[in-house]
2 protein chains.
Amino acid sequence: MDENQLRELGQQLRVDSVRAAAAAGSGHPTSSMSAADLMAVLLARHLRYDFGEPSNPGNDHLIFSKGHASPLLYAMYHAAGAVDDRELLTFRKLGSRLEGHPTPRLPWVDVATGSLGLGLPVGVGLALAGRRLEHLPYRVWVLCGDSELAEGSMWEAFEHAGYEHLDNLTAIIDVNRLGQRGETRHGWDTAAYARRIGAFGWHTIEIDGHDVAAVDRAYAEVAGTAGQPTAIIARTMKGRGVAAVQDAEGAHGKPVPDADEAVAELGGVRDIRVTARPPAEVAPRRAADRANGTGSRIKRYGSGEMVATRAAFGEALAAVGDARENVVVLDGEVSDSTKTDAFAREHPDRFFEFYIAEQQMVAAALGLQARGFVPFVSTFAAFLSRAYDFVRMAAISRANLKLVGSHAGVSIGEDGPSQMGLEDLALFRAVHGSVVLYPCDANQTAALVAGMATAQGIGYLRTTRGPTPVIYPADEKFPVGGSKVLRSSPSDRVTIIAAGVTVAEALRAADALAADGIPARVIDLYSVKPVDTETLREAAEITEHFVTVEDHWPEGGLGDAVLAAFGNGYRPPNLTKLAVHIMPGSATPEEQLHMAGIDAKAIEAAVGAMLSTVGS
Amino acid sequence: MDENQLRELGQQLRVDSVRAAAAAGSGHPTSSMSAADLMAVLLARHLRYDFGEPSNPGNDHLIFSKGHASPLLYAMYHAAGAVDDRELLTFRKLGSRLEGHPTPRLPWVDVATGSLGLGLPVGVGLALAGRRLEHLPYRVWVLCGDSELAEGSMWEAFEHAGYEHLDNLTAIIDVNRLGQRGETRHGWDTAAYARRIGAFGWHTIEIDGHDVAAVDRAYAEVAGTAGQPTAIIARTMKGRGVAAVQDAEGAHGKPVPDADEAVAELGGVRDIRVTARPPAEVAPRRAADRANGTGSRIKRYGSGEMVATRAAFGEALAAVGDARENVVVLDGEVSDSTKTDAFAREHPDRFFEFYIAEQQMVAAALGLQARGFVPFVSTFAAFLSRAYDFVRMAAISRANLKLVGSHAGVSIGEDGPSQMGLEDLALFRAVHGSVVLYPCDANQTAALVAGMATAQGIGYLRTTRGPTPVIYPADEKFPVGGSKVLRSSPSDRVTIIAAGVTVAEALRAADALAADGIPARVIDLYSVKPVDTETLREAAEITEHFVTVEDHWPEGGLGDAVLAAFGNGYRPPNLTKLAVHIMPGSATPEEQLHMAGIDAKAIEAAVGAMLSTVGS
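Check the secondary structure of chain A and you find 23 helices and 19 strands. A globule of 616 residues ought to have a C-alpha radius of gyration of about 25 Å, and chain A, at 27 Å, matches this closely. Seen through its C-alpha atoms, chain A measures out along the principal axes to roughly 90 × 50 × 40 Å. For chain A, contacts bridging at least 24 residues in sequence account for 78% of all contacts bridging at least 6. For chain A, the computed accessible surface area is about 17,700 Å², with 48% contributed by carbon and sulfur atoms. Positive and negative side-chain charges of chain A, numbering 57 and 76 respectively, have mean locations separated by a distance of 3 Å.

All names here are of chain B. Closest axis-to-axis distance for the helix α3 (residues 36-46)/helix α9 (residues 212-223) pair is 9 Å, and the angle between their directions is 55°. On the basis of the axis angle, α3 is oblique to α9. Helix-helix and strand crossings are classified by hand; for α3 and α9 the assignment is right-handed. Counted together, D37, L38, M39, V41, L42, R45 and H46 of α3 and V212, V215, D216, Y219 and A220 of α9 form the full contact between these two elements. When its residues are assigned to classes, the contact of α3 with α9 shows 8 nonpolar, 1 polar and 3 charged.

To go from the first copy of the chain to the second, apply a rotation about an axis and then a shift along the same axis. Superposing chain A onto chain B takes a rotation of 180° plus a shift of 0.0 Å along the axis, which leaves an RMSD of 0.0 Å. Overall, the copies show the geometry of a two-fold rotation axis. Across chain A, the smallest distance between a C-alpha and the rotation axis is recorded for G152(A), namely 1.8 Å. A shared binding surface is used by both copies, with 99% of the interface residues of chain A retained as interface residues in chain B.

Moving on, we come to the pairing of strand β5 (residues 230-235) of chain B. The side chains of a regular strand alternate, first on one face of the sheet and then on the other. Residue and element names in this part refer to chain B. Across the 6 residues that make up β5, a large majority, 5, are buried. As judged from the 6 bridges shared by strand β3 (residues 169-175) and β5, these two strands associate in the parallel manner. Considered in β5, the bridge of A171 is made with A231. Across 6 bridges, the pairing between strand β4 (residues 203-208) and β5 is parallel. Across the sheet, the residue bridging to D208 is R235, located in β5. As for the winding sense of the linkage, the β-α-β connection from β4 through α9 to β5 is right-handed.

A word on a negative patch on the surface. Residues D258(A), D260(A), E261(A) and E265(A) make up a contiguous surface patch of negative charge. With relative accessibility at 66%, the residue D260(A) sits in the exposed group.

Attention shifts here to the side chain of R350(A). Residues and elements named next belong to chain A. Residue placement: R350 occurs in the loop between α13 (341-346) and β8 (351-353). One buried charged side chain, R350, makes no salt bridge at all; its nearest oppositely charged neighbour is D349, positioned 4.1 Å away. From its side chain, R350 meets the backbone oxygen of V327 in a polar contact 2.9 Å long. Apart from residues lying up to four places away in sequence, R350 is in contact with L133, G321, R324, E325, V327, V328, V329 and F343.

The next subject is the environment of D492(B). Residues and elements named next belong to chain B. For D492, the location among the structural elements is in the loop between β14 (484-487) and β15 (494-498). Overall, the relative accessible area of 5% leaves D492 in the buried class. For the pair D492 and A357, spaced 135 residues apart in sequence, the C-alpha separation works out to 49 Å. Those residues in contact with D492 that lie beyond four places of it in its chain are R487, P519, A520, R521, I542 and T543. Of note is the side chain of D492, whose polar atom sits 2.9 Å from the backbone nitrogen of S489. Separated by 2.9 Å, the side chains of D492 and R521 make a polar contact.

Moving on, we get to the interface of chain A and chain B. On the chain B side, the residues contacting the 104 residues of chain A number 103 residues. Both sides of the chain A and chain B interface together cover about 8,700 Å² of buried area, and 51% of this is carbon and sulfur. Across the chain A-chain B interface, the total number found is 14 salt bridges. One salt bridge connects R196(A) with E159(B), and the closest N-O pair in it is separated by 3.0 Å. Linking chain A with chain B are 62 residue pairs in polar contact (both at pLDDT 80 or more). A class-by-class count of the residues in the side of chain A that touches chain B yields 37 nonpolar, 36 polar and 31 charged.

On to the pattern of salt bridges, then. Counted by the stated rule, this structure contains 66 salt bridges over all chains. Note that E476(A) is salt-bridged to K484(A), the shortest N-O span being 2.9 Å. A relative accessible area of 24% places E476(A) in the partly exposed class. K577(B) is paired through a salt bridge with D560(B); the nearest N and O atoms lie 2.6 Å apart. Residue K577(B) is located in strand β19 (residues 574-578), and its partner D560(B) is located in helix α21 (residues 558-563); the two are separated by 17 residues in the primary sequence.

All names here are of chain B. Among all positions in helix α20 (residues 533-542), only T535, L536, A539 and A540 are buried. Along the axis of α20, the buried residues cluster in a sector spanning 140°; they form a single face. The outward face of α20, more than 90 degrees from its buried face, is lined by the exposed residues E534 and E541. Where α20 is buried, its residues touch β14, β15, β16 (520-524), β18 (545-549) and α21.

Here we take up the pairing of strand β1 (residues 61-64) of chain A. Residue and element names in this part refer to chain A. Every second residue of β1 is oriented toward a common face, with H61 and I63 on one face and L62 and F64 on the other, all of them buried. Judged from the 4 bridges that link them, β1 and strand β2 (residues 140-145) form a sheet pairing that is parallel. Residue pairing for β2: H61 is matched across the bridge by V140.

The subject of this paragraph is the sheet that holds β1(A). Residue and element names in this part refer to chain A. Taken together, the 5 strands give an open sheet; going across it, the order is β1-β2-β3-β5-β4, and neighbouring strands pair in parallel fashion. Only two strands of the sheet have a single neighbouring strand rather than two, namely β1 and β4 (203-208). Taken over all neighbouring pairs, the strand axes of this sheet differ in orientation by 20° on average, direction set aside.

Right, let's get into helix α1 (residues 3-24) of chain B. Residue and element names in this part refer to chain B. Helix length check: α1 (22 residues) gives 32 Å between terminal C-alpha atoms against 32 Å at 1.5 Å per residue, within 8%. A side-chain oxygen of the first residue of α1 lies 3.1 Å from the backbone nitrogen of N4; this N-cap is D2. Backbone geometry just downstream of α1 places G25 in the positive-phi region, at approximately 80°.

Residue and element names in this part refer to chain A. Relative to the helices and strands, K299 resides in the loop between α10 (259-265) and β6 (306-308). Looking at K299, the relative accessible area reads 41%, which means it is partly exposed. When near neighbours in sequence (up to four residues on either side) are disregarded, K299 contacts E315 and N443.

Another point: the side chain of S65(A). Residues and elements named next belong to chain A. Within the secondary structure, S65 sits in the loop between β1 and α4 (70-79). Within the local environment of S65, its side chain forms a polar contact with the side chain of E148, the two groups lying 2.9 Å apart. When residues no more than four places from it in sequence are discounted, the contact partners of S65 are T113, L116, G117, L118, G119, L120, V142, L143, C144, E148 and M154.

Attention now moves to a nonpolar patch on the surface. A contiguous nonpolar patch, built from L94(A), I582(B) and M595(B) and spanning about 260 Å² of accessible area, is present on the exposed surface. Examined against the element boundaries, M595(B) turns out to sit in helix α22 (residues 589-596).

Ranked by size, the top nonpolar core spans 293 residues in total, and within it F376(A) and F376(B) carry the most contacts. Ignoring anything within four residues of it in the chain, the contact list for F376(A) reads F313(A), L317(A), V327(A), V328(A), V329(A), L330(A), K402(A), V404(A), V449(A), M452(A) and A453(A). Counting residues in each nonpolar core, the second largest holds 51 residues, with Y49(A), L98(A), L106(A) and I272(A) among its members.

The subject of this paragraph is the sheet that holds β8(A). All names here are of chain A. Spatially, the 7 strands line up as an open sheet ordered β8-β7-β9-β10-β12-β11-β17, and their pairing is mixed. Either end of the sheet is taken by a strand with one partner, and the two such strands are β8 and β17 (527-529). The sheet shows a mean angle of 20° between the axes of neighbouring strands, direction not considered. Both strand β10 (residues 401-406) and strand β12 (residues 458-462) contribute to a ladder of 5 bridges, which runs parallel. What sits directly across from L403, in β12, is Y460. Packing of helix α18 (residues 442-454) onto the sheet brings it into contact with β7 (327-331), β9 (374-380), β10, β11 (435-437) and β12, and relative to β12 it is tilted by some 165°.

The next thing to look at is the packing of helix α1 (residues 3-24) of chain A against α4(A). All names here are of chain A. Running from amino to carboxyl end, α1 crosses α4 at an angle of 120°, the nearest separation of the two axes being 8 Å. What the angle tells us is that α1 and α4 run oblique. Viewed along their axes, α1 and α4 form a crossing whose handedness is right-handed. Taken together, the residues of α4 that come into contact with α1 (itself represented by L9, Q12, L13, D16 and S17) are P71, L72, A75, M76, H78 and A79. Across the contact of α1 with α4, the residue classes tally to 7 nonpolar, 3 polar and 1 charged.

Criteria and thresholds
- Residues numbered from 1 in each chain as written.
- Chains lettered and ligands numbered in written order.
- Predicted model: local features only at pLDDT ≥ 70, side-chain atom pairs only at ≥ 80, totals over all residues.
- Heavy atoms only, no water.
- Helix = DSSP H or I, 4+ residues; strand = E, 2+ residues; numbered from the N terminus.
- Rg over C-alpha atoms; globule rule 2.2 N^0.38 Å.
- Contact = heavy atoms within 4.5 Å.
- Areas by Shrake-Rupley, 256 points an atom, 1.4 Å probe, with all protein chains shown as cover.
- Lys, Arg positive; Asp, Glu negative; His and termini not counted.
- Charge placed at Lys NZ, Arg CZ, Asp CG, Glu CD.
- Axes fitted to C-alpha atoms, helices over the stretch in contact; angles between N-to-C directions.
- Parallel < 35°, antiparallel > 145°, perpendicular 65-115°, else oblique.
- Left-handed = near helix turned anticlockwise from the far one by under 90°.
- Nonpolar A, V, L, I, M, F, W, Y, C, P; charged D, E, K, R; others polar.
- Least-squares fit on C-alpha atoms with pLDDT ≥ 70 in both.
- Buried < 20%, exposed > 50% of the residue type's maximum accessible area, 1.4 Å probe, protein only.
- Pairing = 2+ DSSP bridges.
- Right-handed = clockwise from strand over helix to strand, strands pointing away.
- Patch = residues over 30% accessible without salt bridge, like charges linked within 9 Å, V, L, I, M, F, W, Y side chains within 5 Å.
- Salt bridge = Lys/Arg side-chain N within 4 Å of Asp/Glu carboxyl O.
- Polar contact = N/O pair within 3.5 Å; in protein donor to acceptor, adjacent residues only side chain to side chain.
- Buried area = accessible area lost by both parts, 1.4 Å probe.
- Arc of directions from axis to C-beta.
- Expected span 1.5 Å × (residues − 1).
- Core = buried A, V, L, I, M, F, W, Y, C linked by side-chain atoms within 4.5 Å.

Shown next, in the form of C-alpha cells:
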C-alpha cells in the first residue's frame, strides 16, 4: 500500500467509526479518529496477523489500552474482513460481540479493556510470554491514550518493560491532547512524555500521528530497535477530519452531531480490504501443552504437625510446577513471606518477580493467561486489593487467574492493621464467577492448590501467616463447593462454621461445649464461594442456631457466604456472626483473636448467649 | 548541632530502633538504621515542629511513607522528648500507641502508613493544602523507601507534584538497595531514580545518606529551590552500623540477632535530647474554620421530575460548598460525568483535578482531611476500586473521607461492564466504620450530600447515570441508618427492598402485584450501611418473605445488608435476592435491567415464585 492508499484506509477507519457510533447512538468516534492513521499503517504494513486463525501462535498481539476507541478497532476488523458491515452496525446493541469496550468475546481480543491503564501492563505480560516462555517472534502493539498516562499502572509497566528489555513491545501513544473533560496535563507536549518514558529505559520516537510516512518510518524503527521497548509518541487530533468535532472540547464519548455530513466530509464510505502480513511460521513451543497430572511430589503432612498454610501453599505450588509446565508464578517482592520462593528456586524460568507493583503483576498475569499459561499471583492479601480493578476487569476477560493472598486477618499479630487482609473475602467473592478458598491446614491447602491449577476461571486462595495444626489426612479430597463436617451428632444444638485460622478455635470451643453438655456441629467451610449449600441446609434442619466465626470484617465474608446458601424458599437459620468488629492494633496473634472476639472463648460465649435467648 | 553531634544523634536513633524491636521481638530495625542519619539531620536542623503542640498550624509535616521504619520514627519522638523510654519499649505490644506501622493514634502522625506507595501521594495532598488552601509556610517531608518506587502510585505523585510545582514538598528516598527479599530493580543506582524523578519535573539531589554534612547541605538546597519539589536520593546501607545485619539479605523485618551486642557496637545507649526548630508563627487561615450550615441554596426538585442522582449530587455539592468553606472536591478527569463540574465552576479554588490517577486522588484527600478539610472524592464507582487499598488505609487513619461513585450498575447501559460499578457496595461496606448510601431520587441525594458534609468518618455515596423519578418532597429527612417505607399495609404478604435505580422498579412491581391482589410492602433502603434494623425487623414480623433487588453483584450488596439486620436472636426472613447474576454486555439501560433480572417484571416473578413455595 502506498501513502495515498494508507491515507484512504485511515479515512475508511474514521468513516466506519463514525458510522458505528451513529448506528449505536453512543460511543467514542472522536477518540477513534485521532488514532486512525496510526492504526491504518499498522494494519496494512506492520501487523503480522492471520485474522482467519486468531489462535495462530505466530500472530502479533494488538491491545487497545484506550478501550473506548473500540469503533476504531472494530473498523480495523472490518477492513481485515473479519467483521462484516452488518455486524459493524450492531455496535453496542444487545447481544452484539461489538461491545462498548472490547472483550474476548471477539476472538482477536486478548483481554477486556476499558479501565484505562490496563492495556500496557497486559502487553508486558504478553511480551514476557513471547520472550521468556514461548520463544516466539510475535510483537505486542499497544495503543495507549495520552490521558491514561496519568495512571500509575502505566508507569509500573514502563518500568518493568524497560527493566526486562522487552524490545518485542511497542506502545503507540495517541496524544490527541484532550481527555474526557478537557485538556490533559501535558496537552501536545510530546517531549514531556518522551522525557519521562525515555527515563524508564525506553526508546522513544515523536511523530505527527497523521503523517502516514512518518508513522510507517516509526514502525520500521521499532523493528530495528534491540534491547529496548519502543514508545511511538504521536501528536494527533481528536475527531480529526470532521470540522464539527476536530480538536474540540465537549465531543468526547458521543456520536458526531451529523453522521452523514461527517462521512461526506471524510470522503464517503469506502470498501478497502486489507490483508495483514502473515504471522511468522513457528513451531509452537507453548509450555502450556506440556501439563500432566497435578504433582505427585506434593508433600504430605502428618496429623497434629503445626504448619502455616502459606508454607504448604508454597511447597504445593512448587510440586504442581513439576507436573504442569503451564503453571507460572508472579510475586510482588514478598516471595519469602508468601512462600512462592520455593517455586522460584525450583522453576526460576517460570517465576516472575514484579517487585512492589501489584497492578503490573496482575495485568501481566492476564497477558500470560491469554497465551495459555496458568498464572498464580501472590502477595499479602491486603496488597492484592491494590490491583482489584484489574481483577474486576479479569472477570470481564473471562480470564484464568489464580490469586493467593497471604497474611490474612488479625492473626498475623504484631505488624498491625496495614498488613492485615480483612476485606479480601468480600472483595473476591464480589468478582463474577470467582471461586474463593480458605484452607485451615496444610494438607487441605496442598489439595486446593493442586485443584486450582487445573480449574478454569478466577480463583482466590487465602493463606495464614502462623502455623495451624494439621487435622486432615494427606489423601483427603476437597472439592470446590464442598465443606467438611468435623463434629456432628443428631442431638447437635448449634452449628459452628469456621474456615482457615478459626477452625482450630471452633474445634476447641466445641470440645468445651461438649464438656458442658452442649453438642455442637462444626463445619469447616473451606470453599467460601461457591458454598456447600446442601451441607449447610442439612445443618439448619438439625440446629436452629448457627455461629459463624471469621478472621475478617463482618461484611462480605464467611457469615454472608453461609447466608447465601439460604433464601429462595429456604429460610435462613438464626445466625450469630463473629467477625472482626474493632480496628485492631499491634498484639500477639492470640491477643488479636481474643480482642477481635473470634477465639474459642468468644465462640463459647456466643453459643451460650444464643441458647439462652428465645429466637424471634 | 555540629556534625559530630548529628552523627551521635543518628547512632542514638539506631540504638533506640534496635532496642524497640528487641523489646517487641519483631519489627524493622534494619530499615530504620539506613535512614537514621537522614532523619537525625532533619530533626535537629531542618524540621520545624512543636512536639508539644501537634495541632500548631505552622508545624511541618513528616510522613514515613516507608511505614515499616516505625522504630526510627518512634526513636525520633523519643529524642524529641515526646515519647519516653518506657513507652518506646512498648513498641508493638497490646494497647501501645507505638504500633508496628504508624497510625494517627499518635498525635504527630497525620495518616497511617504501612501500605507502600501511600505516603508520598498523601504528602502531595498536604502540600496542596498548605499552598493552595491555607497559604501556610509549612513544609512536607516524606521519607520513602527505594522498594516502594516500584508502585505506580508513587509516579502518580511525582507527576502531580511536579505539575503543581509543589516546592513545599520534599521526598527523601532511602536507597538502601535491599527490599524485603533481595535487591531492588536498581540497587544503588541512584542516578536511575534521579533520571526518572527529574523527568517528572522534580529537582533531584543524589547524596551519601550517611554523610551528615551532605545531608545537611541537601536540606539547605531544598529551602533554596523554588517552583519544583525536591527529591533527595540518598545512598544508604540497610542495617548500617551493625556488622551482623549491615547490607545483608535476610535481615528484613526482624530484630537484630543480638541486641546487646548491636547496641554496644553502635556505641551504647545515649540520651541526646533535641528541640526541633519552632514552627513559623502563623495566623491560621484554615477554611475549615469557616463552615456554617449545609447550603440553603440546595436545589429542590418537584415530584415526578426525572433527574439523575449524579446531577442532583453535583448541584447539592456546589450548594454545600457555599455554606461550608471546608469542603473541597477532587475528581479524576470525569467531572462532566460525575457532575462535580458544578462545584468546579463555583468554587474553583477548592476543586482539585487529579486527571486519571485515582490512587493519588484518594491519597491527596487523606492529606487534605489531615488539615481539617472535608474532601469529596468522585469518579466512576468502578474506578474508585483502583484506590481501594488507600480507602482501606484511610479507615486505619480514622480519616474523614467522602467518596462518591457514579455510573453504578448495569443501568448505565451501552458502555458495558468495564464502566459499571457492580461491586462497589461490597467494597465500601467492607471498610471498617464506613457509611454507605445509595439514593434513588434527586431530593434524597441532595439531603444525603448535605449530611455527608457534616458527618465524620468514611462515607460512600453511589449515584446513577440515568434519570430517575423524584418521589420525595424536598424537605424530607434521610438520616444515616434510616429507610423509607413507601408502601405498606397490615396485610402485606411480601416485603420488597430496593435502593437507587431499583426503587422505581420495586414500586412498579408493587403496583402490579396490588392489582393482582397481592399487597406488597416496599422499603427504600437508601442507607445500605448502617441498615435500618428496626424497620426491617418490623417488616419481617408482618411478612415472612423478603425480596431484595439491587443493581450489583449478588455478593456483599443490598441483600447482604438486609440480612445483617437479623441474626443475634432475630431469625432472618426467607429472602430472595435479585441481583446481577450474568456478565452484562452492551444494551440499553432498560434491556440491561431486564437481562440482569432486576426489573419490575423480575420482582413480580420472584414474588410469585415465593408465594407459591412452602418455606422451609
